[in-house]
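# Analysis of the macromolecular model
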Amino acid sequence: MSLRGCGRGTRLEALARGHLFFVFWSMRMIKFRNVLAIGAALIAAPALAQDAPAPAAKPAAPAAAAAITDAEVKSFAKAAIAVDKVNKDAGVPAADKGKKLAEVVTTAGLKPERFNEIANASGADTALQKRIQDAIVAEQGTAPAPAK
């Protein structure tokens, strides 16, 4: 008896196509979820500056955004991904998180103060937000996808 004769062949083929679609879609959703998590890390970024003294005067956001180079945006994206990983790591004690966050930001090529300046400037500048999001997506595209 043939599978096509009872109509099951087409169902199996559709199931296989649906499975491929599901795999493709879930990979896209994982990347989207990671971008959202990085965005949440950016919102929490001012927590890095809790131990640092407050600056005397804040520079204007548009002027600061114009001075942010592509290399700094790329370093910021690497740092934001690393900050997100540290925030999610339950093995790091809460008392050591501040030191670990400053360490991963420095490893990414930025001073923690500059990281906070870029994060604050991105809150007011949509063009800078877009540059950062593009850099994060590009950085995640080169890194292996997390296994779930």
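Structure's up top.
These lines cover the structure that appears in this document, whether it is placed above or below. Remember, predicted model here, so these are calculated numbers, not experimental data.

### A few points about the overall build of the chain
What the chain contains, in helices and strands, is six helices and zero strands. When the elements of the chain are put in sequence order from the N terminus, they spell out α-α-α-α-α-α. Taken across its 148 residues, the chain has 28% of its residues classed as buried. For the chain, the proportion of contacts with a sequence separation of at least 24, taken over those separated by at least 6, is 72%.

### Examining the packing of aromatic side chains
Per the counting criterion, the structure on display carries one aromatic pair. When the centroid spacing of 4.6 Å and the interplanar angle of 25 degrees are considered together, the rings of Phe76 and Phe115 count as stacked. With Phe76 in helix α3 (residues 70-88) and Phe115 in helix α5 (residues 112-124), the pair connects residues that are 39 residues apart, well separated along the chain. The exposure class assigned to Phe76 is buried, which follows from its relative accessible area of 0%. Since its relative accessible area comes to 1%, Phe115 is described here as buried.

### A word on the packing of α3 against α5
Running from N to C, α3 and α5 point in directions that differ by 100 degrees, and their axes come no closer than 11 Å. With respect to α5, the element α3 is oriented roughly perpendicular. Between α3 and α5, the contacting residues are Glu72, Phe76, Ala79, Ala80 and Val83 on the first element and Arg114, Phe115, Ile118 and Ala119 on the second. Classifying every residue of the contact of α3 with α5 by side-chain character gives seven nonpolar, no polar and two charged.

### Description of the environment of Thr106
Position of Thr106 relative to the elements: it lies in helix α4 (residues 94-107). By relative accessible area, Thr106 is classed as partly exposed at 47%. Between the C-alpha atoms of Thr106 and Ser75, which are 31 residues apart in sequence, the distance is 9.5 Å.

### Details of the nonpolar core
Ranked by internal contacts, the top residues of the largest apolar core, which has 23 residues, are Phe76, Phe115, Ile132 and Ile136. Secondary-structure elements contributing two or more residues to this core are α3, α4, α5 and α6 (126-142). It is α3 that provides the largest number of residues to this core, a total of eight residues.

### As for the packing of α3 against α4
It is the contact of α3 with α4, at a shortest axis distance of 9 Å, that shows an interaxial angle of 155 degrees. One finds that α3 runs roughly antiparallel with respect to α4. You can see that α3 and α4 cross each other, and the crossing is right-handed. Contacts between α3 and α4 involve Ala79, Ala82, Val83, Val86 and Asn87 from the former and Lys97, Lys100, Leu101, Val104 and Val105 from the latter. Its residues placed into classes, the contact of α3 with α4 shows seven nonpolar, one polar and two charged.

The rules behind each value
- Each chain has its residues counted from 1, following the order in which its sequence is written.
- Per-residue local features are limited, in this predicted model, to residues with pLDDT of at least 70; the limit for side-chain atom pairs, both in listing and counting, is 80 or more; totals at the level of whole chains, interfaces and linings are taken over all residues.
- As a rule here, side-chain values cover all heavy atoms of the structure and leave hydrogens and water aside.
- To qualify as a helix, a DSSP run of H or I must reach at least 4 residues; to qualify as a strand, a run of E must reach at least 2; elements of each kind are numbered from the N terminus.
- Only protein chains enter the area calculation, which uses a 1.4 Å probe; residues under 20% of their type maximum are buried, those over 50% are exposed, and those in between are partly exposed.
- Pairs of residues are marked as contacts when any of their non-hydrogen atoms sit within 4.5 Å.
- Ring pairs are drawn from Phe, Tyr and Trp, using the six-membered ring of Trp, whenever the two centres fall within 6.5 Å, and their geometry is named by plane angle: stacked under 30 degrees, edge-to-face over 60, tilted for the rest.
- Structural elements are reduced to axes, namely lines fitted to C-alpha atoms, with helices fitted over the stretch in contact, and the angle between N-to-C directions of any two is expressed from 0 to 180 degrees.
- In what follows, roughly perpendicular refers to angles from 65 to 115 degrees, roughly parallel to angles under 35, roughly antiparallel to angles over 145, and oblique to any angle outside these ranges.
- Each residue receives one of three labels: charged for Asp, Glu, Lys and Arg, nonpolar for Ala, Val, Leu, Ile, Met, Phe, Trp, Tyr, Cys and Pro, and polar for the others, Gly being one of them.
- Buried residues of nine kinds, namely Ala, Val, Leu, Ile, Met, Phe, Trp, Tyr and Cys, make up a nonpolar core once their side-chain atoms join them within 4.5 Å.
- Note on convention: near helix rotated counterclockwise from far helix by under a right angle means a left-handed crossing. Clockwise means right-handed.

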